[in-house]
Amino acid sequence: MFEALTDSFKSAINKVRFADDEKSLQKALDTLKKSLLKADVHHKVVKDLVKTIEIETKQGGIGKDSFLKSMKDNLTDILTAPGNQGFVYASKPPTIALMCGLQGSGKTTTTVKLAHYLKRKQKKVLVAACDLQRLAAVEQLKQLCTQNEIDLFFDDNEKNPIKIANSALKRAKDGLYDVLLIDTAGRLAIDEELMEELVEISKTLTPDEVFYVADSLTGQDAVRSASTFNTLMDITGVILTKYDGDSKGGVALGIAKQLSIALRFIGTGEKVADLEPFLPERIVSRLMGEGDLITLAEKTADVIDEKQAKKLTSKIKKGQFNFNDFLDQIESMKKLGNLKSLVGMIPGMSGMAGKLKDMDLDNNSEVASIKAMISSMTKKEREKPELLNNARKKRIAGGAGLSQLEVNRFLKQFKNAAKMAKKFSGKNGMKDLQNLMSQQDRMQIPR
Ligand code: GDP
Ligand code: MG
């Protein structure tokens, strides 16, 4: 997803790894700037970001540590906008979310993905078919909802989307639904009639969330159209789709800062499970090539059983996530679809992601090295990563046929990812992995 950026970030950091002079810092900043611009991050956002990092790094003393810290802080900062993160439930159900955007941006697909995502958190979700512009639109939704066992409200005899929205709301209330998602019509470009229809639906329903769904492949156009929509309809969040394609990724990095609206989810494929909450700190961890174990664990929760998932969460919470769990995660991943989008979440493998066409975990040298490394550990070492001192690392490197440098790099990233995962799971009252996720969803930043 952000592989190219991760690679150039590493190369920027390397410029100040062993040098503390201003010239090296300028080189590092230059690399950073070029890579962000190339990824299609807005130039103003890039300029401000690079400037702040320069000032902070100088204040902290030029070198890898202060550069890295400043980079992380400021990346997190630009990814964070006022408002909610993830999916936030209204205090009184049903939570109403209105999906809007241009035609073909992925509204319908994303509505279904979101319904699926919320259903996995044990929420009762109703989808309303309010796109009456395209003949096949309701049919598309009917099929998707049937396939995924999602409740759909539609009315083939009604031509007025506002009336349908109203009836859907009544159904949602009567049926004690937790969430009502409204799929609406899009156009090829923003036109008055479309906006009027949307504004009318919005006035009638007073939605808790208005999600603007934008195609990430359109780059800065996505930001511009979102901005136009926002003048007419208070958008509360953006969802960027098609991140699995050849999206340069940059639009996701700039959009929160540019619009002052949080990016809430990203779509990473055509399948219903291909939706991820966009949580700044996790994304930064992935951008920095440090992996994102917690999102990985959530994703694999789809294919591992609940008992196992609970055990895993409890281990992450206690900071006991070990190499055996890690191997289990890799095994679980094999059962998942779009592996490419998951690769960057594995500590030590971010560098690989960009080079992969189709990821084959059975025939992959990086996975093979990691497995060889873990196989060269004793039973105790696998259970207690903290046992690995230099002598042990040396033995493991020898056993796995790898250099000590490679072993160190993997272990360091593993440690960081485990620490990060622990931090994210550090809330009381969480019963299992799914609870853990809704905790994240409720994180709210005051406006
Ligand atoms: P709408 O007109 O806004 O409702 O758009 P649709 O939901 O019908 O999506 C348009 C096309 O984009 C469909 O072929 C979807 O399968 C595809 N699509 C939507 N989201 C994604 C995504 O995240 N990744 C990929 N690869 N395709 C997507
Ligand atoms: Mg549609």
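The shown structure was predicted, so the numbers you read here are calculated from the model rather than taken from an experiment. (Residues numbered from 1 in each chain as written. Chains lettered and ligands numbered in written order. Predicted model: local features only at pLDDT ≥ 70, side-chain atom pairs only at ≥ 80, totals over all residues. Heavy atoms only, no water.)

1. What about the overall build of the protein?
Logical step 1: Looking only at helices and strands, one finds 21 helices and ten strands in the protein.
Logical step 2: Taking all 447 residues of the protein together, 55% fall into the buried category.
Logical step 3: Considering only contacts within the protein whose residues lie at least 6 apart along the sequence, 72% involve residues at least 24 apart.
Logical step 4: Only carbon and sulfur atoms are counted for the fraction: they give 49% of the accessible area of the protein, which is about 20200 Å². (Helix = DSSP H or I, 4+ residues; strand = E, 2+ residues; numbered from the N terminus. Buried < 20%, exposed > 50% of the residue type's maximum accessible area, 1.4 Å probe, protein only. Contact = heavy atoms within 4.5 Å. Areas by Shrake-Rupley, 256 points an atom, 1.4 Å probe, with all protein chains shown as cover.)

2. Quick look at the packing of aromatic side chains
We describe a pair of aromatic rings using the distance from one ring centre to the other and the angle between the two ring planes.
Logical step 1: Within this structure, the stated rule accounts for ten aromatic pairs.
Logical step 2: Here the aromatic rings of F87 and F211 are separated by 6.2 Å at their centres, their planes lie at 55 degrees, and the arrangement is tilted. Here F87 is found in the loop between β1 (83-84) and β2 (95-100), whereas its partner F211 is found in strand β6 (residues 209-215), with 124 residues between them in sequence. Each of the two residues, F87 as well as F211, counts as buried.
Logical step 3: An angle of 25 degrees between the planes, with centres 4.4 Å apart, marks the rings of F323 and F414 as stacked. Taken together, the positions of F323 in helix α14 (residues 323-334) and F414 in helix α20 (residues 404-425) put the pair 91 residues apart, joining distant regions of the chain. As far as burial versus exposure is concerned, F323 and F414 are alike and both buried.
Logical step 4: Three or more aromatic residues joined by ring pairs make a cluster, and in this case those are F321, F323, F326, F410 and F414.
Logical step 5: K123 extends its terminal NZ or CZ atom over the ring of Y89, reaching a point 4.4 Å from the ring centre.
Logical step 6: Lying over the aromatic face of Y177, K124 brings its terminal NZ or CZ to 4.5 Å of the ring centre. (Phe/Tyr/Trp six-rings, centres within 6.5 Å; stacked < 30°, edge-to-face > 60°. Lys NZ or Arg CZ within 6 Å of the ring centre and 35° of its normal.)

3. Some words on the side chain of S70
Logical step 1: Looking at where S70 falls in the secondary structure, it is placed in helix α4 (residues 64-79).
Logical step 2: Classification of S70 as buried rests on a relative accessible area of 2%.
Logical step 3: Of the polar contacts made by the side chain of S70, one reaches the side chain of E56; its length is 2.9 Å.
Logical step 4: Not counting residues up to four positions away in its chain, the partners in contact with S70 are T52, I53, E56 and T57. (Polar contact = N/O pair within 3.5 Å; in protein donor to acceptor, adjacent residues only side chain to side chain.)

4. Looking at the environment of D215
Logical step 1: Tracing the chain through its elements places D215 in strand β6.
Logical step 2: Relative accessible area serves as the criterion here: at 15%, D215 is assigned to the buried category.
Logical step 3: On a C-alpha basis, the gap between D215 and Y243 in space is 8.4 Å, while along the polypeptide they are 28 residues apart.
Logical step 4: A distance of 3.2 Å separates the side chain of D215 from the side chain of K242, its partner in a polar contact.

5. Remarks on the packing of helix α1 (residues 3-15) against α4
Logical step 1: Interaxial distance between α1 and α4 falls to 9 Å at its minimum, and their mutual angle equals 145 degrees. Regarding α1 and α4, the two cross each other, and that crossing is right-handed. The segment α1 lies against α4, with F9, A12 and I13 engaging K64, F67, L68, M71 and L75.
Logical step 2: The residue inventory of the contact of α1 with α4, partitioned by class, reads seven nonpolar, no polar and one charged. (Axes fitted to C-alpha atoms, helices over the stretch in contact; angles between N-to-C directions. Left-handed = near helix turned anticlockwise from the far one by under 90°. Nonpolar A, V, L, I, M, F, W, Y, C, P; charged D, E, K, R; others polar.)

6. Some points on the sheet that holds strand β9 (residues 275-277)
Logical step 1: Read from one edge of the open sheet, eight strands run β4-β3-β5-β2-β6-β7-β8-β9, paired in mixed fashion. With partners counted over all chains shown, the strands left at the sheet margins are β4 (151-153) and β9, one partner each. Neighbour-to-neighbour, the strand axes of this sheet turn through a mean angle of 25 degrees, independent of strand direction.
Logical step 2: Helix α7 (residues 161-174) contacts β2, β3 (125-130), β4 and β5 (179-184) of the sheet and is inclined by roughly 165 degrees relative to β3.
Logical step 3: On the sheet, helix α8 (residues 192-205) packs against β2, β3 and β5 and is oriented at approximately 175 degrees with respect to β2. (Pairing = 2+ DSSP bridges.)

7. Points about the site of ligand 1
Logical step 1: Neighbouring ligand 1 are 17 residues; G104, K107, T108, T109 and D244 lie closest to it.
Logical step 2: With respect to ligand 1, the side chain of T109 contributes an N or O atom lying 2.5 Å from an oxygen atom.
Logical step 3: Take K113: an N or O atom from its side chain is 3.2 Å from an oxygen atom of ligand 1.
Logical step 4: Burial of ligand 1 by the protein chains amounts to 80% of its free accessible area of 570 Å².
Logical step 5: When residues of the shell around ligand 1 are assigned to their parent elements, the largest contribution, four residues, is made by helix α5 (residues 107-119). (Near = heavy atom within 4 Å.)

8. Considering the nonpolar core
For soluble globular proteins, the rule of thumb is that nonpolar side chains tend to be buried together.
Logical step 1: In terms of nonpolar packing, the biggest core is built from 72 residues, with F67, F229 and L240 touching the most fellow members.
Logical step 2: Other than its neighbours up to four places away in sequence, F67 contacts A12, I13, V16, L25, A28, L29, L32, I53 and T57.
Logical step 3: Of all hydrophobic cores here, the second largest spans 24 residues; its members include F87, V125, L141 and I150. (Core = buried A, V, L, I, M, F, W, Y, C linked by side-chain atoms within 4.5 Å.)

9. Regarding the pattern of salt bridges
Logical step 1: Counted according to the given criterion, the structure contains 18 salt bridges.
Logical step 2: One salt bridge in this structure joins K69 and D73, with 2.7 Å as the shortest N-O distance. With K69 and D73 both in helix α4 and four residues apart, the pair spans about one turn of that helix.
Logical step 3: The partly exposed category is assigned to D73, whose relative accessible area is 37%.
Logical step 4: Salt-bridge contacts for R264 lead to E209; the nearest nitrogen and oxygen are separated by 2.6 Å. Of this pair, R264 sits in strand β8 (residues 263-267) while E209 sits in strand β6, and the two are 55 residues apart along the sequence. (Salt bridge = Lys/Arg side-chain N within 4 Å of Asp/Glu carboxyl O.)

These figures capture arrangement, not role.
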